[in-house]
Amino acid sequence: MDAKRFGPKNMVGGTTVRIVGGVSVGSRERVLVIEAADQWIVIGVAPGRVNTLATMPRQENTPLAESTPVGKNFSDWLKHTIEKRNGN
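As the structure is a computational prediction, the values presented were derived from the model and not from experiment.

### Notes on helix H2 (residues 74-85)
- With 12 residues, H2 should cover 16 Å at 1.5 Å per step; its first-to-last C-alpha distance of 16 Å lies within 8% of that length.
- Burial in H2 covers these residues: Phe74, Trp77, Leu78 and Thr81. The buried residues of H2 all sit within an arc of 100° when viewed along its axis, so they share a single face.
- The first or second residue beyond H2 is glycine 87, which carries a positive phi of 80°.

### Focus: the environment of isoleucine 82
- Within the element layout of this structure, isoleucine 82 appears in helix H2.
- Isoleucine 82 sits in the partly exposed class, given a relative accessible area of 26%.
- Sequence-wise, isoleucine 82 and valine 42 are 40 residues apart; in three dimensions their C-alpha atoms are separated by 9.9 Å.

### Re the pattern of salt bridges
- By the definition in use, this model includes 1 salt bridge.
- With a shortest N-O distance of 3.1 Å, arginine 18 and glutamate 35 are connected by a salt bridge. A residue pair is termed long-range when its members are at least 10 positions apart, and arginine 18 in strand S2 (residues 16-24) and glutamate 35 in strand S3 (residues 30-36) qualify at 17 residues.
- On the basis of relative accessibility, which here comes to 28%, the residue arginine 18 falls in the partly exposed class.

### With respect to the confidence of the model for the chain
- Confidence in the prediction for the chain averages 75 pLDDT; 68% of positions are at 70 or higher.
- Note that residues 62-71 has pLDDT below 50 and, in this model, 11 contacts with residues that lie over four places away or in other chains.

### A word on the environment of glutamine 59
- Here glutamine 59 is to be found in the loop between strand S5 (49-57) and helix H1 (64-67).
- In this structure glutamine 59 comes out as partly exposed when scored by relative accessible area, which is 25%.
- The residues touching glutamine 59, leaving out its near neighbours within four places in the chain, are Trp40 and Thr81.
- Of the polar contacts made by the side chain of glutamine 59, one reaches the backbone oxygen of proline 57; its length is 2.8 Å.

### Section: the pairing of S5
- Note that strand S4 (residues 39-46) and S5 share 8 bridges and pair antiparallel. Across the sheet, residue isoleucine 41 finds its bridge partner in S5, namely threonine 55.
- The turn linking S4 back onto S5 is made up of 2 residues, and glycine 48 within it adopts a positive phi angle of 80°.

### Remarks on unusual backbone geometry
- Here the phi dihedral of alanine 37 falls at roughly 55°; this positive angle occurs in a residue that is not glycine.
- Inspection of the secondary structure assignment puts alanine 37 in the loop between S3 and S4.
- Assessed through its relative accessible area of 47%, alanine 37 is described here as partly exposed.

What counts, and where the lines are drawn
Residues numbered from 1 in each chain as written. Predicted model: local features only at pLDDT ≥ 70, side-chain atom pairs only at ≥ 80, totals over all residues. Heavy atoms only, no water. Helix = DSSP H or I, 4+ residues; strand = E, 2+ residues; numbered from the N terminus. Expected span 1.5 Å × (residues − 1). Buried < 20%, exposed > 50% of the residue type's maximum accessible area, 1.4 Å probe, protein only. Arc of directions from axis to C-beta. Salt bridge = Lys/Arg side-chain N within 4 Å of Asp/Glu carboxyl O. pLDDT = per-residue confidence, 0-100. Contact = heavy atoms within 4.5 Å. Polar contact = N/O pair within 3.5 Å; in protein donor to acceptor, adjacent residues only side chain to side chain. Pairing = 2+ DSSP bridges.

Printed below as a string of structure tokens:
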């Protein structure tokens, strides 16, 4: 299932949930970052499973190329953001 086809969704109370980005990590597995209210939630998606991997405060809404000194693709950005969050 491709989560991008669902796009932003409004939840009860007017909160919008949107996909910030994602990367394939296997033939049928993905890591996605979704935004809900003021949180970003990193999730792992595999056939029949969805697991929360991390949560973090919502980041600035700037293009990835501008906000990522380590690379322009999502996987580099995600790695950099998690390392920054963990103080590495």
